[in-house]
Amino acid sequence: MIRDSKTPYWLVGITGLVFILLYGPIFVPIASSFFALKQGVVDWQQPTASAYVTLVSNEGILVALRNTLVVGGAAVVCSLILGIASALYVNSGRSKDRALLQFIIFLPFLMPPIITGLALLIYFREIEFDRSLVTVIIGHTVFVLALVYRTLLVRLQSLSRSLVEASYDLGASGWQTFRYVLLPNLTSAMIGAGILAFALSFDETMITLLVTGTDNTLPIRLWAMMRLGFTPDINALVAVILAFTTLLCLLAARYLMPRES
Amino acid sequence: MTTERLLLELKAVSKSFGQTEVLQRIDLAVRDGEFITILGPSGSGKTTILRMIGGFESPSSGEILLDGADISALPINKRPFNTVFQDYALFPHMTVAANVGYGLKVRGVKNAEIETRVGEALQLVALRDFAGRFPAQLSGGQRQRVALARAIICRPRLILLDEPLAALDVELRRQMQSFLKDIQREIKTTFLFVTHDQEEAIAMADRICVMNSGHIQQLGSAHEVYYRPASEFVARFFGDNNLVEGRLGPSSGDRRRIETPLGALVCAIDGQPHLAAAPEGAAAYAVFRPEALSLASTGSSEENRAHGLVTGLHFAGAHTLTSIRAGGHEPVNLRLRLPSKVEGVALRAGEAADLYWRPSECRLVLK
Ligand SMILES: Nc1ncnc2c1ncn2[C@@H]1O[C@H](COP(=O)(O)OP(=O)(O)OP(=O)(O)O)[C@@H](O)[C@H]1O
Ligand SMILES: [Mg+2]
């Protein structure tokens, strides 16, 4: 960290302390996942990758991983389609129903996940919709839509209105304008939003727990494993999820950064 | 190339946004093949007129006729007009060639034909070598020309230009003005050009439509609006004019007198019957241009004259604008434009000066 000459030392000190106290614990499981465990205590003298070996040879975890990827992929596709449609609609004018739509899209993202999850659970029970990965996908889509929608809307709003007008002016239809002018200018926002949505879906736990049937996703699996006791592969799983999510966020940032024109 | 045939007519067109009426019963007829300019200060409604013609806004009342037929219900993409936007609105992800060819592509024109016509259009705006570039790799003037090529390639009946030169620096502006004018002559298409710069309007237009706060103040040739303003607003809008307030006196033929603090002035009223009809004693202004004032008498008896003191000299390159306080107990400030010389102009600050100007260069506008 480079210290600006005007920053007082005490401020650097407090920031450093906060950083270690709050974020330090995140690194403990990562570090300990590379060491052997003896009678429930990490032996810092014995580095080993055995936790990871156990992890990949665990059938249940591999199934959970597959489920997670399926759910994430499907939620991304659904939220992108719905996100584009609603962002285009909201951006095309100003009215009460647009404001309402926007509010509703934001709601599940802002509410405690347990409320969103419970609401969905009750709803599925009411309409007698069997719980499965499909309900998980619906739950995740509802949850990540706000983020995808917002990202796309911001990009749309940053495009000059006259681009769309110029397209119509030159004789293009609504579909041609979308296909040739809007979509190409939205691609990087779509990729960025998609990756973020995937990252969110990847470690979503609360809603999944409530609306899933017998299928497990990785976080749910982790949850279940922890109830049986603290094992090295829990550390390894935490490390894997953390690493993957971080990677996705870095990728997303790359696509969502404003490009110099 | 101007014919008397009308291409487009706005009839009693009004436009309101919510409670505010930004255009009030506009009547405007655009002739086929002319270069017509809408000139007015910011907020006067110029863009709104253009957007209604283009189909981006619809009139609150009134009708817009193309070749005599109402086009109010025609959507933007069906109107045979193309717009050059103020911010160019070039598609950032397409090359220059793709931008220019866009209008043909969406109409389903064959690729081979698009290619030749894009080549021709780029040739016309002298950008052949730039076909493969992206808009971000072009200068302001080049972007402007791409926008123009993109508009003319569809062979529209009318090209709408909304302050297309506003973002360019002075030198480039001049070049683009004559460039646009040349192109317009070459492709023989009607241009409707919006600007708030009077010099630009005068330099380019066959006819100028002067607007102020939602009204058309005057529509006429550049010469007409410059030398024969129809209202106080127009008289003041074309910079530095002298306006001297007074009361109308008797008229005789093409001349009408006005009593002012400078004494009785004789003004020309030919071609403006409403001035002949105005009652005696009505409040009006005598209007004369700073370059119409001369320091030497021609000896004619009809000549207007004023005597005053020089209060200031403002060197402005080719000419020097001189302020003169004239008249008796109700002094009037007059502006006089003299050609600059290396040794200075004939007057010094504080000197007395006699000014003369011909009745034909003195017009009237009602207050
Ligand atoms: N969409 C809109 N909603 C409300 N008011 C508007 C809208 N568009 C324009 N106006 C108002 O209408 C008036 C005329 O606007 P317009 O853009 O036509 O002016 P203009 O002559 O083009 O000005 P400028 O030279 O600044 O471009 C302005 O007072 C403006 O605030
Ligand atoms: Mg405007």
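These figures come from a predicted structure and were not determined experimentally.

Quick question: what am I supposed to make of the overall build of chain A here?
If you tally the helices and strands in chain A, you get eleven helices and two strands. For chain A, the C-alpha atoms occupy an extent of roughly 75 × 65 × 30 Å along the three principal directions. Looking at chain A as a whole, 38% of its 261 residues are labelled buried. If you take every contact in chain A between residues at least 6 apart in sequence, the share linking residues at least 24 apart comes to 73%. For chain A, the computed accessible surface area is about 15,000 Å², with 70% contributed by carbon and sulfur atoms. If you average the places of the 17 positive and of the 14 negative side-chain charges in chain A, the two averages end up 7 Å apart.

Sorry if this is basic, but what is going on with the overall build of chain B here?
Of regular secondary structure, chain B possesses nine helices and 19 strands. Dimensions of chain B, computed from the C-alpha atoms along their principal axes, are close to 75 × 50 × 40 Å. The 367 residues of chain B split such that 51% are buried. Long-range pairs, those at least 24 residues apart, make up 66% of the contacts in chain B with a sequence separation of at least 6. Accessible surface, chain B: about 16,400 Å² in total, of which carbon and sulfur atoms supply 50%. Counting 42 positive and 41 negative side-chain charges, chain B places the averaged centre of each group 4 Å from the other.

Quick question: what am I supposed to make of the layout of surface pockets here?
Here the second largest pocket defines a volume of roughly 670 Å³. If you trace the second largest pocket, you find 23 residues lining it, with Leu 88, Asn 91, Ser 92, Gly 93 and Arg 161 of chain A closest to the centre.

It is not clear to me how the site of ligand 1 should be interpreted in this structure. Could you clarify?
All names here are of chain B. Taken together, Phe 17, Val 22, Pro 41, Ser 42, Gly 43, Ser 44, Gly 45, Lys 46, Thr 47, Thr 48 and Glu 163 are the residues near ligand 1. Contact between ligand 1 and Thr 47: an oxygen atom at 2.5 Å from a side-chain N or O atom of the residue. In this structure, an oxygen atom belonging to ligand 1 sits 3.2 Å away from a side-chain N or O atom of Glu 163. Out of a free accessible area of 630 Å², ligand 1 has 57% covered by protein chains. Considering every element that reaches the shell around ligand 1, the biggest residue donor is helix α1 (residues 46-54), with three residues. Across the shell around ligand 1, the residue classes break down as three nonpolar, six polar and two charged.

Mind showing me how you'd approach the packing of helix α6 (residues 133-158) of chain A against helix α8 (residues 174-202) of chain A here?
Packed helices, taken two at a time, are described by the angle their axes make and the gap between the axes. All names here are of chain A. Viewed as axis vectors pointing N to C, α6 and α8 meet at an angle of 150 degrees, and their least axial separation amounts to 9 Å. It follows from the interaxial angle that α6 and α8 lie roughly antiparallel. Two packed elements cross with a definite hand, and for α6 against α8 that hand is right-handed. Contacts between α6 and α8 involve His 140, Phe 143, Val 144, Leu 147, Val 148, Thr 151, Leu 152, Arg 155 and Leu 156 on the former and, on the latter, Leu 182, Asn 185, Leu 186, Ser 188, Ala 189, Met 190, Ala 193, Leu 196, Ala 197, Leu 200 and Ser 201.

Explain the sheet that holds strand β10 (residues 215-221) of chain B here, please?
Adjacent strands of a sheet pair through backbone hydrogen bonds, lying either parallel or antiparallel. Residue and element names in this part refer to chain B. Read across the open sheet, the six strands follow the order β6-β7-β8-β3-β9-β10; overall the sheet is mixed. Only two strands of the sheet have a single partner each, and these edge strands are β6 (81-84) and β10. Taken pair by pair, the neighbouring strands of this sheet meet at an average axis angle of 20 degrees, ignoring direction. Alignment of strand β3 (residues 35-39) against strand β9 (residues 207-212), held across four bridges, turns out to be parallel. From the neighbouring strand, Ile 36 faces β9, where its bridge partner is Arg 207. Against the sheet, α1 makes contact with β3, β6, β7 (158-162), β8 (190-195) and β9, and its axis sits at roughly 150 degrees relative to β7, the strand it touches most. Lying on the sheet, helix α5 (residues 170-187) is in contact with β3, β7 and β8; it crosses β8 at an angle near 160 degrees.

What am I meant to see in the confidence of the model for chain B here?
Interpreting fine coordinate detail is not advised for predicted regions of low pLDDT. Per-residue confidence for chain B averages 91 on the pLDDT scale, and 99% of its residues sit at or above 70. Overall fold confidence (pTM) sits at 0.82, and the ipTM for the predicted complex is 0.85.

Rules used in this analysis
Along each chain, residue indices are assigned from 1 in the same order as the chain's sequence is written. Chain A is the first chain written and ligand 1 is the first ligand written, with later ones labelled in order. Whole-chain, interface and lining totals are the exception, using all residues; otherwise, since this is a predicted model, local features are given only for residues with pLDDT of at least 70 and side-chain atom pairs are given and counted only at 80 or more. To get the side-chain values, take all heavy atoms of the structure and skip hydrogens and water. Helix numbers and strand numbers start at the N terminus; a helix is a DSSP run of H or I with at least 4 residues, a strand a run of E with at least 2. The buried label goes to any residue with under 20% of its type's maximum accessible area, the exposed label to any with over 50%, and the partly exposed label to all in between, with areas taken from a 1.4 Å probe on protein chains only. The criterion used for residue contact is that any of the two residues' heavy atoms lie within 4.5 Å. Methods summary: accessible areas were calculated by the Shrake-Rupley approach with a probe of 1.4 Å, and residue burial reflects only the protein chains presented. Positive charges are assigned to Lys and Arg, negative charges to Asp and Glu, while His and the chain termini are left out of the count. For the purpose of locating charges, the reference atoms are NZ of Lys, CZ of Arg, CG of Asp and CD of Glu. For each structure, a 1 Å grid was placed over the protein atoms alone; sets of points admitting a 1.4 Å probe that cannot get out are labelled cavities, open sets with protein on both sides within 12 Å along at least five of seven lines are labelled pockets, and lining residues have an atom within 4 Å of a point. Grid points are joined across faces, edges and corners, and a volume is the space filled by probe spheres set on the points. Nearness is defined per residue: one heavy atom within 4 Å of the molecule or strand is enough. Polar contact criterion, stated in full: a pair of N or O atoms within 3.5 Å, where within protein one must be able to donate a hydrogen and the other to accept it, and residues adjacent in sequence count only if both atoms are side-chain atoms. Each residue gets one of three labels, nonpolar for Ala, Val, Leu, Ile, Met, Phe, Trp, Tyr, Cys and Pro, charged for Asp, Glu, Lys and Arg, and polar for the others, Gly among them. Helix axes are fitted to C-alpha atoms over the stretch in contact, other axes to C-alpha atoms as well, and angles between N-to-C directions run from 0 to 180 degrees. Oblique is the label for any angle not under 35 degrees, not over 145, and not in the 65 to 115 range, which are roughly parallel, roughly antiparallel and roughly perpendicular in turn. Left-handed is the label given to a crossing in which the near helix is rotated counterclockwise from the far helix by less than a right angle, and right-handed is the label when the rotation is clockwise. When DSSP finds at least two bridges between two strands, those strands are taken to pair. For every residue, the predictor states its confidence as a pLDDT score lying anywhere from 0 to 100.

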